[in-house]
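Chain and residue survey
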Amino acid sequence: MELIRKEDLDGFVRQNVQVAILDEEGNDKAPFVHKEIIKTGLCPDGTHLRIYFDHMNFFAVPLTSCVEASDSRWAALDQEAGLKYVIKKRA
């Protein structure tokens, strides 16, 4: 596992994806939802990566999260909060 790099998500921007936030055991905190990522960027204090679904709505993942990435799936584990952020490309 690696730490978050903004460029790892470049292949997901402007793509139809499914996103979810899971607990450490992989149980849904919220169901997978269909979204389009329009951009990514760092938060003002430089501690989180923001993943935007429109110009206002985003979720923020701590830069210290451990990441597993492939061409079709990106997952970041925030060990402090016990949450896993998952993004999957839709077929």
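Scroll up to find the structure this text is about.
Residues numbered from 1 in each chain as written. Predicted model: local features only at pLDDT ≥ 70, side-chain atom pairs only at ≥ 80, totals over all residues. Heavy atoms only, no water.

A word on the environment of F59
With respect to the secondary-structure elements, F59 resides in strand β6 (residues 58-62). Overall, the relative accessible area of 12% leaves F59 in the buried class. Sequence spacing of F59 and L49 is 10 residues, and the spatial spacing of their C-alpha atoms is 8.2 Å. Every residue in contact with F59, bar those within four places of it in the chain, is listed here: V19, L49, R50, I51, F53, Y85 and I87. (Helix = DSSP H or I, 4+ residues; strand = E, 2+ residues; numbered from the N terminus. Buried < 20%, exposed > 50% of the residue type's maximum accessible area, 1.4 Å probe, protein only. Contact = heavy atoms within 4.5 Å.)

Remarks on the sheet that holds strand β7 (residues 66-69)
The antiparallel open sheet is built from 6 strands, whose spatial order is β1-β7-β8-β9-β2-β3. Of all strands in the sheet, those bounded by a partner on one side alone are β1 (2-3) and β3 (33-36). (Pairing = 2+ DSSP bridges.)

Observations regarding the sheet that holds strand β4 (residues 39-42)
The strand order β4-β5-β6 describes an open sheet built from 3 strands, whose pairing is antiparallel. Of all the strands in the sheet, the pair left with one neighbour each is β4 and β6. Ignoring which end each strand starts from, the neighbouring axes of this sheet average 25° apart. (Axes fitted to C-alpha atoms, helices over the stretch in contact; angles between N-to-C directions.)

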